[in-house]
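# Understanding the architecture of this molecule
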Amino acid sequence: MNVLFGTSIPVGRANAIATAAGPGRTPAAAATQRPSEGSVHSWDLSTGVDGPGTRFVTFLAGCPLSCLYCHNPDTMRMRNGTRTSADEVIAEARKYTRFISASGGGATISGGEPLLQPVFAGELLHRMKNDLGLHTALDTSGFLGARATASLLRDVDLVLLDIKSWDRDTYRKVTGRPLEPTLDFARRLADLGKEVHLRFVLVPGLTDARENVEGVADFAATLGNVSRVDVLPFHKLGESKWESLGMPFTLHDTPSPDAEQVAAAKAVFAARGLTAV
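One structure accompanies this document, and this report is about it. From a predicted model like this one, the values you see are computed outputs, not experimental measurements.

### What about the overall build of the chain?
- The helix and strand inventory of the chain stands at ten helices and nine strands.
- Here the chain holds 277 residues, and the buried ones make up 54% of them.
- In the chain, the proportion of contacts linking residues at least 24 apart, taken out of those at least 6 apart, comes to 74%.

### Quick word on the packing of aromatic side chains
- Counted according to the given criterion, the structure contains five aromatic pairs.
- Three or more aromatic residues joined by ring pairs make a cluster, and in this case those are Trp 43, Phe 56 and Tyr 96.
- In this structure, Arg 168 is placed above the aromatic ring of Trp 166, and the distance from its NZ or CZ to the ring centre is 4.5 Å.

### A word on the pairing of strand β6 (residues 135-140)
- The buried fraction of β6 is high, at five of six residues.
- Relative to β6, strand β5 (residues 106-110) runs parallel, the two sharing four bridges. The partner of Thr 108 across the bridge, within β6, is Ala 137.
- Read from β5 through helix α4 (residues 118-130) to β6, the crossover connection turns out right-handed.
- Summarising the sheet, β6 and strand β7 (residues 158-162) pair through four bridges and their orientation is parallel. Paired with Ala 137 across the strands is Leu 158, a residue of β7.

### Side note on the pattern of salt bridges
- According to the stated counting rule, one finds 15 salt bridges in the structure shown.
- With a shortest N-O distance of 2.7 Å, Asp 157 and Lys 129 are connected by a salt bridge. Of the two residues, Asp 157 sits in the loop between α5 (150-154) and β7 while Lys 129 sits in helix α4, which places them 28 residues apart along the sequence.
- A residue is classified by how much of its surface remains accessible, and Asp 157, at 25% relative accessible area, is partly exposed.
- In this structure Lys 129 comes out as partly exposed when scored by relative accessible area, which is 26%.
- Where salt bridges share partners, they join Asp 87, Glu 123, Arg 127 and Asp 131 into one cluster.

### A few points about the environment of Ala 137
- Within the element layout of this structure, Ala 137 appears in strand β6.
- Looking at Ala 137, the relative accessible area reads 0%, which means it is buried.
- For the pair Ala 137 and Val 156, spaced 19 residues apart in sequence, the C-alpha separation works out to 5.7 Å.
- When residues no more than four places from it in sequence are discounted, the contact partners of Ala 137 are Asp 50, Arg 55, Ala 107, Thr 108, Ile 109, Leu 125 and Leu 158.

### Some words on the packing of helix α8 (residues 210-223) against helix α10 (residues 259-270)
- At a minimum axis distance of 9 Å, the contact between α8 and α10 shows a crossing angle of 35 degrees. Both α8 and α10 take part in a crossing whose hand is right-handed. Taken together, the residues of α10 that come into contact with α8 (itself represented by Arg 210, Val 213, Glu 214, Val 216 and Ala 217) are Ala 265, Val 268 and Phe 269.
- Classifying every residue of the contact of α8 with α10 by side-chain character gives six nonpolar, no polar and two charged.

### Focus: the packing of helix α2 (residues 86-94) against α4
- For the pair α2 and α4, the least separation of the axes is 10 Å and the interaxial angle reads 35 degrees. The chirality of how α2 crosses α4 is right-handed. Contacts between α2 and α4 involve Ala 86, Asp 87, Val 89, Ile 90 and Ala 93 from the former and Phe 120, Glu 123, Leu 124, Arg 127 and Met 128 from the latter.

### Structural notes on the side chain of Thr 58
- Looking at the secondary structure, you find Thr 58 in strand β3 (residues 54-60).
- Residues in contact with Thr 58, not counting those within four places in the same chain, are Val 40, Ser 42, Trp 43, Val 89, Thr 108, Ile 109, Ser 110, Leu 124 and Met 128.

Conventions and cut-offs
Residues numbered from 1 in each chain as written. Predicted model: local features only at pLDDT ≥ 70, side-chain atom pairs only at ≥ 80, totals over all residues. Heavy atoms only, no water. Helix = DSSP H or I, 4+ residues; strand = E, 2+ residues; numbered from the N terminus. Buried < 20%, exposed > 50% of the residue type's maximum accessible area, 1.4 Å probe, protein only. Contact = heavy atoms within 4.5 Å. Phe/Tyr/Trp six-rings, centres within 6.5 Å; stacked < 30°, edge-to-face > 60°. Lys NZ or Arg CZ within 6 Å of the ring centre and 35° of its normal. Pairing = 2+ DSSP bridges. Right-handed = clockwise from strand over helix to strand, strands pointing away. Salt bridge = Lys/Arg side-chain N within 4 Å of Asp/Glu carboxyl O. Axes fitted to C-alpha atoms, helices over the stretch in contact; angles between N-to-C directions. Left-handed = near helix turned anticlockwise from the far one by under 90°. Nonpolar A, V, L, I, M, F, W, Y, C, P; charged D, E, K, R; others polar.

This is the structure:
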């Protein structure tokens, strides 16, 4: 397998190799008595969007949400991934550890929703941190936060947590799911003192109402562990993927927010003492 900088490359097991880490070394393997496997959509190297520094990002397949603006709808279903062992993923990441470490980066487990496969996600996090010595990040909507065990979270240095709306009706419209599980997970992370980068997508006419932004900001300010807020302007870069999958992209006519709208949203978070970028 080749990995291009900043470009997702689908996983092909025929091109992967085994690592020196054998069965039984890590929590998942010990529990199952066999090497841990999961459904992997792709992996890549990225800078600036999946945690600090250059990151080796593993995208797991499958997600319980159906976000209207998802830019990777091809990761929504687990069957769209390739059955892959943790050994294969670690072997690929190992090739880049010196470069990643020099950049102050690490490894991020993303998706889809990684907590749809908590045993496999936990195995990858454990081995990225303990075998490869990398800073680890978990990119999640928090909807399945109850599946994140204490042992999984011990191997997480940073959580990239999406709070897509404060208004409950809007949240369900955007995702098809309720908001409360995400808030419960956020509070649990706060109790653990686990560092969080909160991410909020600003969608004109959907999530940009001032009271909605204020609700997210007020909640984030109560947690005490949110070191950064990413206000992400809505874009339509994934629209072609929706079309190729035969899925309607209902936000086709929705514009991206302008610089003034983004600045106004960032100011709401900043007014509460949060670092908004």
